[in-house]
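Okay, here's what each chain looks like letter by letter:
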Number of protein chains: 2
Amino acid sequence: MIDETHDVGLRSWVESAGRAGTDFTIQNLPLGVFRRESAAAPRLGVAIGDEVLDLSRCVERGLLDDVPDGVRAACRAPALNPLMALGRAAVSALRSRVSRLLRAGQKPPADAASLLAPASEVELLVPAEIGDYTDFYASIYHATNVGSMFRPDNPLLPNYRHVPIAYHGRGSSIVASGTSIRRPCGQTKAPDAPAPSFGPTRRLDYELEVGVLIGRGNELGRPVAIADAHDHVLGLCLVNDWSARDVQAWEYQPLGPFLSKSFATTISPWVVTLDALAPFRCPAFERGPDDPAPLPYLDDPHDREQGGFDITVEALLRSRRMADEGIEPHRLGRGTFRDMYWTVAQMVAHHTSNGCNLRPGDLLASGTVSGPDEGSLGCLLEITRRGERTVKLPTGEERGFLADGDEVILRAYCVRDGFARIGFGECRGAVAPA
Amino acid sequence: MIDETHDVGLRSWVESAGRAGTDFTIQNLPLGVFRRESAAAPRLGVAIGDEVLDLSRCVERGLLDDVPDGVRAACRAPALNPLMALGRAAVSALRSRVSRLLRAGQKPPADAASLLAPASEVELLVPAEIGDYTDFYASIYHATNVGSMFRPDNPLLPNYRHVPIAYHGRGSSIVASGTSIRRPCGQTKAPDAPAPSFGPTRRLDYELEVGVLIGRGNELGRPVAIADAHDHVLGLCLVNDWSARDVQAWEYQPLGPFLSKSFATTISPWVVTLDALAPFRCPAFERGPDDPAPLPYLDDPHDREQGGFDITVEALLRSRRMADEGIEPHRLGRGTFRDMYWTVAQMVAHHTSNGCNLRPGDLLASGTVSGPDEGSLGCLLEITRRGERTVKLPTGEERGFLADGDEVILRAYCVRDGFARIGFGECRGAVAPA
């Protein structure tokens, strides 16, 4: 619902929140977890301009006295899970209060500076204790492109347009943005090799994905109806589902990707709430004449009209040489989350349709966000056609897949006339040698 | 290592531990978590005969004063994870102390009765907080049988003999033995149907598996060498990986099983430690002339000689009518864990070979334990050849797949001349209507 927290005229007394191009305007207010020193306990925060608002300290100072008791208690937890468990109304109440607190024209709280920490001076952590992580495959462009490489005669499998395809991912190896990613070893076998061998992957790739963080859970055995799905979502973030393509090609049949993915998954630190995204809702993917209607449990008129999110996503690469020479990251692709064949609500409804329980803090990732154009692809596998072509970097370096020292940076933002820009911040990771 | 705790002559002052056929002899001493009332905090326990020894109370009474402080603290936790994290030496020290405590000939502690609770009067819980659950596919007989149904022209894929195939499972829906299993709904499509439909599965199945509970974890980026793998395992249990075969057939390509499995997985309450299993180690699967040598990271001479476990496993079914008429459960199959193509150590080494971190309490399941004979198959899919034949029950009822009201009971035990029998207890679940 669009309300006064989205008013484009709002300004904050935190000046950097008004800087052109900032992701963290007062209309955004994403939630995350940070600590000031490596030994300190994690705390909840809200990103505002270049600062992080310390929610725990806000509670101590009595600045959140008019939000429900449960919300105040959850603001003092070391992860977002307790707040997530309270559901969307609780998060909305907090948003509304924080918006008023940070608004210019209101008197800043006494000793306002002590409520804030410069984002550049804190450590941003994985925002929730992620119990289970599920990775979808919701871009039909990505599925078709990848399918054409792994199965040239059969690119898009017959189930794709009916089933929101997904697999369980590995929770333990989800890491915070900025964590370096060691090039994994694994079994690979070239098609003409007589036997497989074991060693560092030669086809390390990124995947540009949008993450969905679950808010309120559902009981085992109780599916979530598609019309109620958003009540179970806290918000969205960015996910880099690092992939070893040579390992994947050899291991993935018949039970799906395993070690080709489980060595690391990077998550961005800030969760952009569904409330913040309200102005950027859009229709679901427009199905063509060849596309079947979704089965009733995946079909909802409101979701058809408003189930999409108009979020621009991009992936950039900076090689070590580019960093040494002070060259800006090079954009590999820019797509939009509008292009996903399945909506967030369809993912939640499908996931729980067999009674599977989601818990607060569970992560659903969208799968690689790729669009129909050359410039809108979300991984190197697609961009370089499995390494057959290369990407040229400004230094003249070329890439089929990622090289040691390469840093991948994911970004996302929403813009719409009459509304303030909101952004997701960054999801970064650099490749360390095997 | 076989030591005095395995001595076949040991007797316990808990009389039921000496009853013929008991799973929980004094040579076993499996670990679990129980509570006396539904509101009570979970406590660690050791199964002995028909009783559960309350480890927390043993600490309170000073009966574990000669084990290290860390072990005593871990014995008072509400789950096995802290004890798991301490590693195998800690668990061995506890085993040794508990063995002496329960031994006949020793004087039973004063007020010994208050240290014990009748197993029939307590609730047995999931024994650990399971962060991640991975399901392997380690029986070549199962893989070949299933492959022949899903891909008649290509039953065993070329990677099988090289890669310990596995997929990530769902952690949130792992339930304690005895929890009823609601028949899940899902998308299915008959080969000749023009489109899929959604409804209760018509091909509900069980899978008889052995579970591996991880003890000490490994750091992200640090693989566990095969020779060290058992240092990271607490012990084994039973797992029923319930499966909706019609959902699985339609959804599983290209990313593997998802909703066909994630509605529920049942785990047995007692973890039989590697120490208890020491007398039952046996050679790994004997590879034939067509089988390639494992790659070096999966090969270890000690594992070849001693990497197997001679555990007999069986699955039984009792229909509602059988229960009403007081008829004993009917055995569906009996196999041995010796028949697995990949060892537990190979599973751990493979899982971590890309740097993936395992955490204390993580669950690896073996995949369906099926052997080469008709009587040694571990799921109905194989036993009834996808429902083409039926199993006849003593009541005259027939089953292609599971019917509502059917209870599936998994059991396992080890016997060897010169050693006491040890058993795993039961892993039970009954099917509730959709």
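Residues numbered from 1 in each chain as written. Chains lettered and ligands numbered in written order. Predicted model: local features only at pLDDT ≥ 70, side-chain atom pairs only at ≥ 80, totals over all residues. Heavy atoms only, no water.

(A) Geometry of the relation of the copies chain B and chain A. You can overlay chain B on chain A at an RMSD of 0.0 Å; the transform is a turn of 180° with a shift of 0.0 Å along its axis. As the rotation angle and translation indicate, the two copies are arranged about a two-fold axis. Residue Gly256(B), judged by its C-alpha, is the member of chain B lying nearest the rotation axis, at 2.1 Å. When the interface residues of chain B are mapped onto chain A, 100% of them again lie at the interface, so the same face is used by both copies. (Least-squares fit on C-alpha atoms with pLDDT ≥ 70 in both. Contact = heavy atoms within 4.5 Å.)

(B) Region of interest: helix H5 (residues 140-150) of chain A. All names here are of chain A. Where H5 is concerned, the buried positions are Ile 140, His 142, Ala 143, Val 146, Gly 147, Met 149 and Phe 150. Packed against the buried residues of H5 are helix H6 (245-251) and helix H11 (380-383). Capping the start of H5 is the job of one residue whose side-chain oxygen sits 3.3 Å from the backbone nitrogen of Tyr 141: Ser 139. (Buried < 20%, exposed > 50% of the residue type's maximum accessible area, 1.4 Å probe, protein only. Helix = DSSP H or I, 4+ residues; strand = E, 2+ residues; numbered from the N terminus. Polar contact = N/O pair within 3.5 Å; in protein donor to acceptor, adjacent residues only side chain to side chain.)

(C) Structural view of the interface of chain B and chain A. Contacts between chain B and chain A engage 53 residues on the former and 53 residues on the latter. A combined buried area of about 5100 Å² lies between chain B and chain A, and 62% of that area is made up of carbon and sulfur atoms. Of all residues in chain B, His168(B), Leu255(B) and Phe258(B) bury the most surface against chain A, accounting for 16% of the area lost on that side. Taken together, the connections running from chain B to chain A amount to four salt bridges. For Arg170(B), the salt bridge identified is with Asp362(A), shortest N-O distance 2.7 Å. There are 22 residue pairs in polar contact (both at pLDDT 80 or more) connecting chain B and chain A. Listed by contribution, the elements that provide at least two residues to the side of chain B that touches chain A are strand S7 (166-168), strand S10 (185-188), strand S11 (197-200), helix H6 (245-251) and helix H10 (344-352) of chain B. Among the elements that make up the side of chain B that touches chain A, the one with the highest residue count is S7(B) (three residues). Of the residues assigned to the side of chain B that touches chain A, the class counts are 26 nonpolar, 20 polar and seven charged. (Buried area = accessible area lost by both parts, 1.4 Å probe. Salt bridge = Lys/Arg side-chain N within 4 Å of Asp/Glu carboxyl O. Nonpolar A, V, L, I, M, F, W, Y, C, P; charged D, E, K, R; others polar.)

(D) Region of the structure containing the nonpolar core. Among the nonpolar cores identified, the biggest contains 82 residues, and Tyr206(A), Leu236(A), Trp242(A), Leu277(A), Ile311(A), Phe337(A) and Phe424(A) are the most heavily contacted of them. Core analysis: the second largest hydrophobic core is formed by 81 residues, Val146(B), Val210(B), Val212(B) and Leu295(B) among them. (Core = buried A, V, L, I, M, F, W, Y, C linked by side-chain atoms within 4.5 Å.)

(E) Here's a closer look at the pattern of salt bridges. Evaluated as defined, the whole model comprises 66 salt bridges over all chains. In this structure, Asp23(A) and Arg421(A) form a salt bridge, with 2.5 Å as the shortest nitrogen-oxygen distance. Here Arg421(A) lies in the loop between strand S25 (407-414) and strand S26 (422-432) and Asp23(A) lies in the segment before strand S1 (31-35), a separation of 398 residues in the sequence. The class for Asp23(A) is buried, based on a relative accessible area of 17%. Assessed through its relative accessible area of 25%, Arg421(A) is described here as partly exposed. The residue Asp406(B) makes a salt bridge to Arg399(B) at a minimum N-O spacing of 2.7 Å.

(F) Region of the structure containing the environment of Ala365(B). Residues and elements named next belong to chain B. Structurally, Ala 365 is set in strand S22 (residues 363-365). When the C-alpha atoms of Ala 365 and Val 210 are compared, they prove to be 5.8 Å apart, with 155 residues separating the residues in sequence. Excluding residues that lie within four positions of it along the chain, Ala 365 makes contacts with Tyr 133, Thr 134, Asp 135, Phe 136, Glu 209, Val 210, Gly 211 and Val 239.

(G) Structural detail: helix H4 (residues 88-102) of chain A. For H4(A), with 15 residues, the first-to-last C-alpha span of 21 Å sits near the 21 Å given by 1.5 Å per residue. Looking at H4(A), one finds that the buried residues are Ala90(A), Val91(A), Leu94(A), Arg95(A), Arg97(A), Val98(A), Ser99(A), Leu101(A) and Leu102(A). (Expected span 1.5 Å × (residues − 1).)

(H) Quick peek at the sheet that holds S25(A). All names here are of chain A. As summarised here, the arrangement of the five strands in space is S9-S26-S25-S20-S21, forming an open sheet in which the pairing is mixed. Looking along the sheet, the strands with just one partner apiece sit at the ends: strand S9 (181-182) and strand S21 (330-336). Pairing of S25 with S26 involves seven bridges; the strand directions are antiparallel. Bridged to Leu 410 within S26 is Cys 427. (Pairing = 2+ DSSP bridges.)

(I) Structural context of the environment of Glu388(A). Residue and element names in this part refer to chain A. Its place among the elements puts Glu 388 in the loop between H11 and strand S23 (391-392). The exposure class of Glu 388 is exposed, given its relative accessible area of 64%. As for Glu 388 and Gly 400, which are separated by twelve residues in sequence, their C-alpha atoms are 7.1 Å apart.

(J) Just the side chain of Glu407(B), in detail. Residue and element names in this part refer to chain B. Looking at the secondary structure, you find Glu 407 in strand S25 (residues 407-414). Separated by 3.0 Å, the side chains of Glu 407 and Arg 428 make a polar contact. Among residues more than four places away in sequence, those in contact with Glu 407 are Leu 316, Leu 317, Arg 318, Arg 428, Gly 429 and Ala 430.

(K) Molecular detail of the pairing of S1(A). Residues and elements named next belong to chain A. Burial analysis of S1 places four of its five residues in the buried class, the great majority of the element. With four bridges connecting them, S1 and strand S2 (residues 43-48) associate as antiparallel partners. Bridged to Leu 31 within S2 is Val 46. Bridge count between S1 and strand S5 (residues 123-124): two bridges; the pairing is antiparallel. Bridging across to S5, Phe 34 finds its partner in Leu 124.

(L) Representation of the packing of aromatic side chains in the model. By the definition in use, this model includes 20 aromatic pairs over all chains. Pairing Phe258(A) with Phe136(B) gives two aromatic rings, centres 6.1 Å apart and planes at 85°, and the pair type is edge-to-face. Of this pair, Phe258(A) sits in the loop between H6 and strand S16 (265-267) while Phe136(B) sits in strand S6 (residues 133-136), each in a different chain. Of the two residues examined, Phe258(A) and Phe136(B), each falls in the buried class. (Phe/Tyr/Trp six-rings, centres within 6.5 Å; stacked < 30°, edge-to-face > 60°.)

(M) Here's a closer look at unusual backbone geometry. Here the amide bond leading from Gln253(A) into Pro254(A) is cis, since omega sits at 5°, within 30 degrees of zero. Topologically, Pro254(A) is positioned in the loop between H6 and S16. Backbone geometry places Asp111(B), a non-glycine residue, at a positive phi of 60°. Inspection of the secondary structure puts Asp111(B) in the loop between helix H4 (88-102) and strand S4 (116-118).

(N) Quick look at the sheet that holds S4(B). Residues and elements named next belong to chain B. Pairing is antiparallel across the open sheet formed by five strands, whose spatial order is S4-S3-S2-S1-S5. Every other strand in the sheet has two partners, leaving S4 and strand S5 (123-124) as the edge strands with one partner each. Here strand S3 (residues 51-54) pairs with S4 via three bridges, running antiparallel. Each bridged residue has a counterpart across the sheet, and for Glu 51 the counterpart in S4 is Pro 118. Packing against the sheet, H4 makes contact with strand S1 (31-35), strand S2 (43-48) and S3, and its axis sits at approximately 115° to S3. (Axes fitted to C-alpha atoms, helices over the stretch in contact; angles between N-to-C directions.)

This is a description of form; function is not addressed.
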